[in-house]
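A structural walkthrough
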Amino acid sequence: DQPGILLPTDPDKMKRENLQQLKVTINCELEEQVRILGYNQGGEGLRGRGEHLNRTADFARGYVVMKFATDEYAKGSLRQEFKPREEIVVMCYTIGGHSGGPCVNQQGEVIGILSRADSAEKHRCYLVPASEWKPLVKKAKKLSLF
């Protein structure tokens, strides 16, 4: 395993890191090996005021076990508007701090974003697939004020 590297918070230093943008794909296969990237906070939830947060990126290994569409999607309430219509189920032990992180395949392509872990099955987690959020990103870029 590769040691984590603390990324600088100075924008000029970040530019010198020459980081590459992750590619996104809407394709994923059952049994495909994946990695979920995030900042392991030790599963403790929110830290108290002035307490240290882990700022070193790490990853968790897993594999895709299921893709499914939910029939719960219905227009109406604001909450329903933001529920994904599809999800990817991954067997992968994640910890607080990984939520919201990208899940990448063996080619380094983002297949989804970690949404939640299963409270009954700690090794099962759910991703919002790229097909769900990619159109939102495209729309947001058009609306950008910058």
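Cut-offs used in this document
Residues numbered from 1 in each chain as written. Predicted model: local features only at pLDDT ≥ 70, side-chain atom pairs only at ≥ 80, totals over all residues. Heavy atoms only, no water. Helix = DSSP H or I, 4+ residues; strand = E, 2+ residues; numbered from the N terminus. Buried < 20%, exposed > 50% of the residue type's maximum accessible area, 1.4 Å probe, protein only. Contact = heavy atoms within 4.5 Å. Areas by Shrake-Rupley, 256 points an atom, 1.4 Å probe, with all protein chains shown as cover. Pairing = 2+ DSSP bridges. Axes fitted to C-alpha atoms, helices over the stretch in contact; angles between N-to-C directions. Phe/Tyr/Trp six-rings, centres within 6.5 Å; stacked < 30°, edge-to-face > 60°. Lys NZ or Arg CZ within 6 Å of the ring centre and 35° of its normal. Expected span 1.5 Å × (residues − 1). Arc of directions from axis to C-beta. Patch = residues over 30% accessible without salt bridge, like charges linked within 9 Å, V, L, I, M, F, W, Y side chains within 5 Å. Salt bridge = Lys/Arg side-chain N within 4 Å of Asp/Glu carboxyl O. Lys, Arg positive; Asp, Glu negative; His and termini not counted. Charge placed at Lys NZ, Arg CZ, Asp CG, Glu CD.

Right, let's get into the overall build of the protein chain. Per the secondary structure count, the protein chain includes 3 helices and 6 strands. What you see in the protein chain, going N to C, is helices and strands ordered as α-β-β-α-β-β-β-β-α. In the protein chain, which comprises 146 residues, the proportion classed as buried is 24%. Restricting the contact set of the protein chain to residue pairs at least 6 apart, pairs at least 24 apart contribute 62%. About 10800 Å² of surface is accessible on the protein chain, with carbon and sulfur atoms providing 53% of the total.

Our focus in this paragraph is the sheet that holds strand 1 (residues 33-38). With respect to topology, 6 strands assemble into a closed barrel ordered 1-2-3-6-5-4, the strand pairing being antiparallel. Put simply, the sheet's adjacent strands are angled 45° from each other on average, direction ignored. Two elements, strand 1 and strand 2 (residues 58-69), share 6 bridges in a ladder whose sense is antiparallel. Paired with V34 across the bridge in strand 2 is G62.

Now for the pairing of strand 4 (residues 102-105). Taken residue by residue, a regular strand's side chains alternate between the two faces of the sheet. Bridge count between strand 1 and strand 4: 3 bridges; the pairing is antiparallel. By the bridge assignment, R35 is partnered in strand 4 with V104. In the sheet, strand 4 pairs with strand 5 (residues 110-117) via 3 bridges, with the strands oriented antiparallel. Bridge pairing links C103 to G112 in strand 5. Adjacent in sequence and paired antiparallel, strand 4 and strand 5 are bridged by 4 residues, among which G108 carries a positive phi angle near 80°.

Our focus in this paragraph is the packing of aromatic side chains. Applying the stated rule across the entire model yields 0 aromatic pairs. Across the ring face of Y126, the terminal group of R116 is positioned such that the distance to the ring centre comes to 3.9 Å.

Right, let's talk about the environment of E29 for a bit. Tracing the backbone shows E29 in the loop between helix 1 (11-16) and strand 1. A C-alpha to C-alpha distance of 10.0 Å links E29 and I111, two positions 82 residues apart in sequence.

It is worth spelling out helix 3 (residues 130-143) at this point. Here helix 3 spans 20 Å end to end across 14 residues, near enough to the 20 Å set by a 1.5 Å rise per residue. Where helix 3 is concerned, the buried positions are A130, E132 and W133. Buried residues of helix 3, viewed axially, fall in a sector of 145°; they line one side. Turned more than 90 degrees off the buried face of helix 3, the exposed positions are K138, K139 and K142. Close packing links the buried residues of helix 3 with strand 3 (86-92), strand 5 and strand 6 (124-129).

It is worth spelling out the side chain of T94 at this point. Here T94 lies in the loop between strand 3 and strand 4. When residues no more than four places from it in sequence are discounted, the contact partners of T94 are I36, L114, A117 and C125.

Turning our attention to a positive patch on the surface. On the surface, a cluster of positive charge is made up of K134, K138, K141 and K142. Mapped onto the elements of the fold, K134 is located in helix 3.

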